[in-house]
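Summary of the model geometry
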Amino acid sequence: MNIVVCVKHVPDAQGDRSFDDQGLTDRTTDGLLSELDEYAVEEALKITEAAGDGRVTVLTMGPAAAEEAVKKALQMGATDGVHVTDDALAGSDALSTAVVLAEAVKKVDEVDLVLFGMSSTDGAMGVVPAMVAELLGVPMVTLANSVECSGETGGTITIKRDTAEATQTVEATLPAVVSVTDQINEPRYPSFKGIMAAKKKTIESWSLADLGVDPSMVGAANAWAMVDGTTQRPPREAGEIVTDEGDGGQKLADFLAQRKFI
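Residues numbered from 1 in each chain as written. Predicted model: local features only at pLDDT ≥ 70, side-chain atom pairs only at ≥ 80, totals over all residues. Heavy atoms only, no water.

Overview of helix α1 (residues 35-51)
Each α-helix turn comprises 3.6 residues. Residues three or four places apart therefore point the same way. Taking 1.5 Å of rise per residue, 17 residues should cover 24 Å, and α1 covers 25 Å from first to last C-alpha, within 8% of that figure. Taking burial as the measure, the 17 residues of α1 include 12 buried ones, the bulk of the element. Burial in α1 covers these residues: Leu 36, Asp 37, Glu 38, Tyr 39, Ala 40, Val 41, Glu 42, Glu 43, Ala 44, Leu 45, Ile 47 and Thr 48. Of the residues trailing α1, Gly 52 is marked for its positive phi of about 85°. (Helix = DSSP H or I, 4+ residues; strand = E, 2+ residues; numbered from the N terminus. Expected span 1.5 Å × (residues − 1). Buried < 20%, exposed > 50% of the residue type's maximum accessible area, 1.4 Å probe, protein only.)

Okay, structure coming up:
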């Protein structure tokens, strides 16, 4: 089975995150593989290991630094890496991203399954998997908590997902696009052996021209939405200490009432 896992390089949530002067996320700071995408990588590895063969190709789109996300996945055990990078991509929205990823998936040979995390940890939109499935013309199943594959292309994939009312079982024919949640598995840590092996793996670099994508379809200038202003979050103020002299309850009620919480 040949699986493509689409991943994203995102700003480190533990660091300071900001926008640049164009209203775009500042991606010049430290970044990493989106945590939620690690679950998709792990599931792809588990599927191919259970099958006894197959390839796991990790695909990302972004500036030069985005290659680090692919390297992390290769260290986990993925077999191949693809990095779509082009200056024209800066500021691309979800739809533009989906167009590029779909064309990149088409360029990979004999793909049976495309996996995504449930959303990225920066934009947290979760809509790109469905858009990619539509552009590829294949079935889409979302928010999988478990995945079972039966064969390769022409076979089936069965997922289970939890809703507020029940656990649903959904089946689709392969090839298909699937997004997985953070409840599906426990991503492995790259071992020393995996880190060393990743150094010998090749990461292919593709441009928009390689994919046949017109630059007028991507980038901030062609996005359907844009940020027209940002404001820094105000610094946290010191808390108010209320001394209970028998009237603590009343003081607490007054405090909440002043802020219209009650």
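There is more to say, and it comes next.
Focus: the packing of aromatic side chains
For any pair of aromatic rings, the description consists of the separation of the ring centres together with the inter-plane angle of the planes. Tallying each qualifying case throughout the model produces 0 aromatic pairs. Lying across the ring of Trp 206, Lys 107 places its NZ or CZ 5.2 Å from the centre. (Phe/Tyr/Trp six-rings, centres within 6.5 Å; stacked < 30°, edge-to-face > 60°. Lys NZ or Arg CZ within 6 Å of the ring centre and 35° of its normal.)

Digging into the nonpolar core
Residues Val 5, Leu 115, Val 147, Ile 157, Val 178 and Val 180 are the most contacted members of the largest nonpolar core, which totals 35 residues. Looking at this core, the element that brings in the most residues is α1, giving 7 residues. If sequence neighbours within four positions are ignored, Val 178 has contacts with Leu 113, Val 114, Leu 115, Phe 116, Val 141, Ala 144, Val 147, Ile 157 and Ile 159. Of all hydrophobic cores here, the second largest spans 28 residues; its members include Val 99, Val 114, Phe 116 and Leu 208. (Core = buried A, V, L, I, M, F, W, Y, C linked by side-chain atoms within 4.5 Å. Contact = heavy atoms within 4.5 Å.)

Focus on the sheet that holds strand β1 (residues 2-6)
As summarised here, the arrangement of the 7 strands in space is β7-β11-β6-β1-β4-β5-β12, forming an open sheet in which the pairing is parallel. The open sheet terminates on both sides in strands that have one partner only, identified here as β7 (140-144) and β12 (203-206). Pairs of neighbouring strands in the sheet enclose a mean axial angle of 20°, with direction left out of account. Bridge analysis of strand β5 (residues 80-84) against β12 gives 4 bridges, and the strand direction is parallel. Opposite Gly 81, over in β12, you have Ile 203 as the bridge partner. Where α1 meets the sheet, its contacts fall on β1, β4 (55-61), β6 (113-117) and β11 (176-180), and the angle it forms with β6 comes to roughly 150°. Docked against the sheet, helix α3 (residues 94-107) engages β1, β4, β5, β6 and β12, running at close to 150° with respect to β4. (Pairing = 2+ DSSP bridges. Axes fitted to C-alpha atoms, helices over the stretch in contact; angles between N-to-C directions.)

Let's talk about a negative patch on the surface
Among the surface-exposed residues, Asp 53, Asp 109, Glu 110 and Glu 152 lie close enough to one another that they form a single negatively charged patch. By secondary structure assignment, the location of Glu 110 is in the loop between α3 and β6. By relative accessible area, Glu 110 is classed as exposed at 65%. (Patch = residues over 30% accessible without salt bridge, like charges linked within 9 Å, V, L, I, M, F, W, Y side chains within 5 Å. Areas by Shrake-Rupley, 256 points an atom, 1.4 Å probe, with all protein chains shown as cover. Salt bridge = Lys/Arg side-chain N within 4 Å of Asp/Glu carboxyl O. Lys, Arg positive; Asp, Glu negative; His and termini not counted. Charge placed at Lys NZ, Arg CZ, Asp CG, Glu CD.)

Here's the deal with the side chain of Ser 179
Examined against the element boundaries, Ser 179 turns out to sit in strand β11. Those residues within four positions of Ser 179 in sequence are excluded, and the remaining contacts are Phe 116, Gly 117, Met 118, Pro 129, Met 140, Val 141, Thr 142, Leu 143 and Ala 144.

With respect to the sheet that holds strand β8 (residues 146-150)
Pairing is antiparallel across the open sheet formed by 3 strands, whose spatial order is β8-β9-β10. With one partner strand each, in any of the chains shown, β8 and β10 (167-173) form the two edges of the open sheet. Neighbour-to-neighbour, the strand axes of the sheet open up by a mean angle of 15°, direction not taken into account. Pairing geometry for β8 and strand β9 (residues 156-162), over 5 bridges, is antiparallel. Residue pairing across strands places Val 147 opposite Ile 159, the latter belonging to β9.

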